[in-house]
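# Fold and contact review
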Amino acid sequence: MKIAQVAPLYERVPPKYYGGTERVVSCLTEELVRQGHEVTLFASGDSITSASLVSVCDQGLRLNSDYADHILYHVLMAERVAKVAGDFDVIHFHLSYLHYPIARRLMTPHFTTIHGRLDLADLVPLYQEFSELPVVSISGRQRNPLPWLNWLGTVYHGLPEDLFALQPNPGRYLAFLGRFSPEKRIDRAIEIAKRAGMPLKIAAKIDKVDWEYYKATVEPQLKDPLIEYVGEIGETEKQEFLGNAYAHLFPIDWPEPFGLVMIEAMACGTPTIAFRRGSVPEVLDDGVTGFVVETIAEAAAALERVPGLSRERCRRVFEERFSASRMVRDYLSVYHRLETEPPIFTPIENPTFD
């Protein structure tokens, strides 16, 4: 098939540091190429790919202060896609809703994987307007706020099986990998580590919007001898960081659409202790690849049960459920369905926000 993958421009593909969506787009693109498909990747110019690369900016936008208007470059890219849309069998967008006015007018089969949260009231009028556009979710629970969208299916994220390796012998520290933001609840991770009396290593980025939260809530706690901030890490550093951890902490306080770091830890054989929010009960097998908890006390108690989990079993579950080849197989099913049977959708009048 001739397939267009349209990635966000905030990070390169794959990202140099943090960037879940761009990492997934990279895994999907490279596996499609490996399987013999003709893929064009629309992404930042510094992206690294075996597909044909089309770009409208030289670098990922987040790490380059020369790009002041991020929306501008996404509009340019959407227009570039529209001009060559007839060259493809299917166009796969990953841009949230930025391309919707153009996508509505495309004759080429297309759909959008929604990578973000859908529980914000501001999204309702937008998705009401564009409710006929076909979309794919990354977890079943992601759909809950807007069940009336034109859902084609759910495709869980996947990673190459050789990206991470099983580390059978864990260290004695806890790991937190993500963003310093209120919804990620690094404060909970710190409290869990203190209750357990275990070292916590933190690898996280700080977005400008979260700087005040970091200064007020997180930075004062970094003085504790149990807590170590190692900075924002890249792909090559994750194997050691996650693989050598006793357990990975995922104490979120928001409806997480997927949580890529949970399967990154799983691929290393490292169990995750996660709060029961969003996709967590779908991604984690409670008592197998980690523990799903409700409180900080439960999380601290769960750490005592980690030795009873098999790191080899964690790795096998990753291979069975979250490999890149499985993700591509699921997406190819969507591509072929769009190509042969364009979806018929009747929008619901005045859908409500739940």
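Structure first, text after, so check above.
Reading guide: rules and limits
- Residues numbered from 1 in each chain as written.
- Predicted model: local features only at pLDDT ≥ 70, side-chain atom pairs only at ≥ 80, totals over all residues.
- Heavy atoms only, no water.
- Core = buried A, V, L, I, M, F, W, Y, C linked by side-chain atoms within 4.5 Å.
- Buried < 20%, exposed > 50% of the residue type's maximum accessible area, 1.4 Å probe, protein only.
- Helix = DSSP H or I, 4+ residues; strand = E, 2+ residues; numbered from the N terminus.
- Contact = heavy atoms within 4.5 Å.
- Phe/Tyr/Trp six-rings, centres within 6.5 Å; stacked < 30°, edge-to-face > 60°.
- Pairing = 2+ DSSP bridges.
- Axes fitted to C-alpha atoms, helices over the stretch in contact; angles between N-to-C directions.
- Parallel < 35°, antiparallel > 145°, perpendicular 65-115°, else oblique.
- Left-handed = near helix turned anticlockwise from the far one by under 90°.
- Nonpolar A, V, L, I, M, F, W, Y, C, P; charged D, E, K, R; others polar.
- Disulfide = S-S within 2.5 Å.

### Focus: the nonpolar core
Leu 32, Phe 111, Ile 263, Met 266, Val 280, Tyr 331 and Tyr 335 are the most contacted members of the largest nonpolar core, which totals 56 residues. Mapped onto this core, the elements with two or more residues apiece are helix H1 (20-34), strand S2 (38-42), strand S8 (174-179), helix H7 (235-243), helix H8 (260-268), helix H9 (280-283), helix H11 (311-321) and helix H12 (324-340). Among the elements that make up this core, the one with the highest residue count is H8 (8 residues). Leaving out residues up to four positions away in the same chain, Ile 263 has contacts with His 157, Gly 158, Leu 159, Phe 258, Val 283, Phe 318 and Phe 322. Ranked by size, the runner-up nonpolar core spans 29 residues in total, among them Ile 186, Ala 189, Ile 273 and Ala 299.

### Considering the packing of aromatic side chains
For the coordinates displayed, the defined rule picks out 14 aromatic pairs. Centre to centre, the rings of Phe 42 and Phe 88 are 6.2 Å apart; their planes meet at 75 degrees, and the pair counts as edge-to-face. With Phe 42 in strand S2 and Phe 88 in the loop between helix H2 (70-83) and strand S4 (90-93), this pair connects stretches of sequence that are 46 residues apart. We classify Phe 42 as buried; its relative accessible area is 1%. In this structure an aromatic cluster arises from ring pairing among Phe 180, Trp 211, Tyr 214 and Tyr 229.

### Let's talk about the sheet that holds S2
The strand order S3-S2-S1-S4-S5-S6-S7 describes an open sheet built from 7 strands, whose pairing is parallel. Because the sheet does not close on itself, it has two edges, and the strands there are strand S3 (52-54) and strand S7 (150-154). Between one strand axis and the next, the sheet turns through 25 degrees on average, direction left out of account. In terms of strand pairing, S4 meets strand S5 (residues 110-113) through 3 bridges, oriented parallel. Its bridge partner lying in S5, His 92 is registered against Phe 111.

### Some thoughts on the packing of H8 against H11
At a minimum axis distance of 7 Å, the contact between H8 and H11 shows a crossing angle of 125 degrees. Between H8 and H11, the angle falls in the class oblique. Seen along the crossing, H8 lies across H11 with a hand that is left-handed. Contact with H8, carried on its side by Ile 263, Met 266, Ala 267 and Cys 268, involves Arg 311, Cys 314, Arg 315, Val 317 and Phe 318 of H11 and no other residues of that element. Classifying every residue of the contact of H8 with H11 by side-chain character gives 7 nonpolar, no polar and 2 charged.

### Let's talk about the sheet that holds strand S10 (residues 227-231)
Sheet architecture is open: 6 strands sit in the order S10-S9-S8-S11-S12-S13, paired in parallel fashion. Lying at the two open borders of the sheet, with one neighbouring strand each, are S10 and strand S13 (290-293). Going across the sheet, the axis of each strand differs from the next one's by a mean of 25 degrees, ignoring polarity. Looking at chain direction, strand S11 (residues 247-250) and strand S12 (residues 272-275) are connected through 3 bridges and run parallel. The residue of S12 that forms the bridge with His 248 is Thr 272. Lying over the sheet, H7 contacts S8, strand S9 (200-205), S10 and S11, oriented at roughly 140 degrees with respect to S8.

### A short note on the state of the cysteines
This structure, assessed with the given rule, holds 0 disulfides. Counting only cysteine sulfurs, Cys 268 is the nearest neighbor of Cys 27, a cysteine outside any disulfide, at a range of 13 Å. Assessed through its relative accessible area of 8%, Cys 27 is described here as buried.

### Some details on H8
With 9 of its 9 residues buried, H8 lies for the most part within the structure. Of the residues flanking the end of H8, it is Gly 269, one or two places downstream, whose phi is positive at about 90 degrees.

### A few points about unusual backbone geometry
Between Val 13 and the following residue, Pro 14, the backbone shows a cis peptide bond with an omega angle of -5 degrees. A positive phi angle, near 60 degrees, is found at Ser 96, a position not held by glycine. Among the secondary structure elements, Ser 96 is positioned in the loop between S4 and helix H3 (100-103). Phi angles above zero are rare outside glycine, and Arg 185 is one such case at about 55 degrees. Within the secondary structure, Arg 185 is located in the loop between S8 and helix H5 (186-196).

So far we have only geometry, and geometry alone does not tell us how the molecule works.
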